[in-house]
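# Structural overview for review
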Amino acid sequence: MTTSVRVPEELSARVPAEQRGPGLERDAVRLLVSRGTEVSHHSFVELPRLLRAGDLLVVNTSPTLAAAVDGRVGHARVVVHFSTRGDDGRWAVELRDPDGTGTTRARAGGPAGTKVCLPGGVRLVLEEPLSALGARLWWGRVSEPTERDVLGLLREHGRPVRYAYTERDQPLSAYQTVFALPSDDGAGSAEMPSAARPFTARLVAELVSRGVQFAPVTLHTGVASPEAHEPPYPERFAVPEASARLINAVRAGDGRVVAIGTTAVRAVESAAGSDGVVRGAEGWTGLVVTPERGVRVVDGLLTGLHEPEASHLLMLEAVAGRDAIDRAYEEALRGRYLWHEFGDVHLILPAEGPHTAHCASNCW
């Protein structure tokens, strides 16, 4: 999708699907389906009929944190987005300015030594930029330097990260997917792994009854401000050994491995060797999936609709190819699909044809 294409403001999903009319549930969104450059239009509840017995859905179990906290720098009000917890107890954070409407706008990061006063007498001190490539995110340390204090602060004073295209604040439950599980150490995602949001327990049950399998993985996502469109930075992930075995078994058979969200792609591809075999793994991943790198494991992807400048589009091109993604986004704009975390979704499947064997890169 070329960066010259602009997504009209009215195509931003401003509230969750279940709030758009009486009797609606999360699954009341539209589903754009790509098979190569062939595109078809569906409702999300049709997903079980678009998949096959033996297909495998890789799902991210990371829960969403209430990662936005009000604070002050001197006399100025700020909002702190707690993004990623480091192994040394520091947090990668983003400071933003309140915009007067309940959301925030971008703010210059730093400088080192900036002190942020937070609720409960907690003080955050910015130490250094997360990356030499930009100063949006900074490593910061709180005055009570234990990770549980920050998590307690988020539980007591935090709210979900919200951007200006949404209409109003939502409870944290609106940002949890049906697959979210509490982690042993309280970690989670600063922003919802939103591709899985339309799934309901009823839909999952129907998929299981039709022979579709699920492989849980975890990737704790950081904040990706809509103004920045940076490549993803390192994030914590885990691929359980049992999920790795299941993925390898499906790849050895006739099933397709379909990742639910770009976060699931990043996790499972980080656990795959150059031979395409997935092994149990956990830690930090800095993998950026691009068309040049390709994908080794996934055959398909369910994802939201991304802005033209978003780095996630490179991953979509790695899975399906540039022509297929351009074609799909032309149809999404023409069909007035809704963008962002409460919006419609896009299912990328292999093109139908005689060649369906797995390979070490894309088979399209």
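Look above for the structure.
This is a predicted model, so every value here is computed, not measured.

## A word on the packing of aromatic side chains
- A full pass over the atoms with the stated rule returns seven aromatic pairs.
- Between Tyr175 and Phe342 the ring centres are 5.4 Å apart and the planes differ by 55°, which places this aromatic pair in the tilted class. Separated by 167 residues along the polypeptide, Tyr175 in the loop between helix H2 (147-157) and helix H3 (201-209) and Phe342 in the loop between helix H7 (322-334) and strand S16 (345-349) bring together distant segments of the chain. With respect to burial, Tyr175 and Phe342 carry one shared label: buried.
- Arranged with centres 6.1 Å apart and planes meeting at 75°, the rings of Tyr329 and Trp339 form a pair that is edge-to-face. Here Trp339 lies in the loop between H7 and S16 and Tyr329 lies in helix H7, a separation of 10 residues in the sequence.
- Under the relative-accessibility criterion, Tyr329 is labelled buried at 1%.
- Accessibility expressed as a relative area gives 0% for Trp339, which makes it buried.

## Some remarks on the packing of helix H5 (residues 262-270) against helix H6 (residues 312-320)
- The geometry of H5 relative to H6 is characterised by a closest axis approach of 11 Å and an angle of 65° between their N-to-C directions. Considered as vectors, H5 and H6 are oriented roughly perpendicular to each other. In this structure, H5 meets H6 at a crossing whose hand is left-handed. The segment H5 lies against H6, with Thr262, Val265 and Arg266 engaging His312, Met315 and Leu316.
- Class assignment of the residues belonging to the contact of H5 with H6 gives a composition of three nonpolar, two polar and one charged.

## Considering H5
- Among the nine residues in H5, eight count as buried, and that is most of the element.
- The complete set of buried residues in H5 reads Thr262, Thr263, Ala264, Val265, Arg266, Ala267, Val268 and Glu269.

## Topic: the pattern of salt bridges
- Under the definition given, this model contains 26 salt bridges.
- Of the charged contacts in the structure, one is a salt bridge between Glu127 and Arg141, with a shortest N-O distance of 3.3 Å. On the criterion of sequence distance, the pair formed by Glu127 in strand S9 (residues 123-131) and Arg141 in strand S10 (residues 134-142) is long-range, its members being 14 residues apart.
- Accessibility expressed as a relative area gives 32% for Glu127, which makes it partly exposed.
- Put simply, Arg322 and Asp326 hold a salt bridge, and the shortest N to O gap is 3.2 Å. Of the two residues, Arg322 and Asp326 are both situated in helix H7; the distance of four residues between them amounts to about one turn of the helix.
- Judged by relative accessible area, which is 38%, Arg322 ranks as partly exposed.

## Some thoughts on the side chain of Asn60
- Mapped onto the elements, Asn60 comes out in strand S3 (residues 56-60).
- Of the polar contacts made by the side chain of Asn60, one reaches the backbone oxygen of Leu219; its length is 2.9 Å.

## Re the nonpolar core
- By size, the foremost hydrophobic cluster in this structure holds 43 residues, and its most contacted members are Val239, Ile247, Val257, Val278, Tyr329 and Trp339.
- Elements with a minimum of two residues in this core: S3, strand S11 (213-219), strand S12 (235-239), helix H4 (241-252), strand S13 (257-260), H5, H6 and H7.
- Looking at this core, the element that brings in the most residues is H6, giving six residues.
- Judged by nonpolar contacts, the second largest core, of 29 residues, contains Val79, Val80, Val150 and Leu154.

## So, the environment of Glu317
- Here Glu317 lies in helix H6.
- Residues Glu317 and Gly304, spaced 13 residues apart in sequence, show a C-alpha to C-alpha distance of 14 Å.

## Things to note about the sheet that holds strand S14 (residues 281-285)
- Judged by pairing direction, the sheet is mixed, and its nine strands sit side by side in the order S2-S1-S16-S15-S13-S3-S11-S12-S14 without closing on themselves. At either margin of the open sheet sits one strand with a lone partner, and together these are strand S2 (38-43) and S14. Strand-to-strand, the axes of this sheet are offset by a mean angle of 20°, without reference to chain direction.
- Bridge count for S12 against S14 is five bridges, and the pairing is antiparallel. Opposite Val239, over in S14, you have Ala281 as the bridge partner.
- With respect to the sheet, H6 is in contact with strand S15 (300-304) and S16, its orientation differing from that of S16 by roughly 30°.

## Overview of H6
- Burial analysis of H6 places seven of its nine residues in the buried class, which makes it a mostly covered element.
- Of all the positions in H6, only Leu313, Met315, Leu316, Glu317, Ala318, Val319 and Ala320 are classed as buried.
- Check the buried side of H6 and you find it contacts H5, S15, H7 and S16.
- Taken from the residues just after H6, Gly321 is the one with a positive phi, measuring 95°.

Cut-off values and rules
Residues numbered from 1 in each chain as written. Predicted model: local features only at pLDDT ≥ 70, side-chain atom pairs only at ≥ 80, totals over all residues. Heavy atoms only, no water. Phe/Tyr/Trp six-rings, centres within 6.5 Å; stacked < 30°, edge-to-face > 60°. Helix = DSSP H or I, 4+ residues; strand = E, 2+ residues; numbered from the N terminus. Buried < 20%, exposed > 50% of the residue type's maximum accessible area, 1.4 Å probe, protein only. Axes fitted to C-alpha atoms, helices over the stretch in contact; angles between N-to-C directions. Parallel < 35°, antiparallel > 145°, perpendicular 65-115°, else oblique. Left-handed = near helix turned anticlockwise from the far one by under 90°. Contact = heavy atoms within 4.5 Å. Nonpolar A, V, L, I, M, F, W, Y, C, P; charged D, E, K, R; others polar. Salt bridge = Lys/Arg side-chain N within 4 Å of Asp/Glu carboxyl O. Polar contact = N/O pair within 3.5 Å; in protein donor to acceptor, adjacent residues only side chain to side chain. Core = buried A, V, L, I, M, F, W, Y, C linked by side-chain atoms within 4.5 Å. Pairing = 2+ DSSP bridges.

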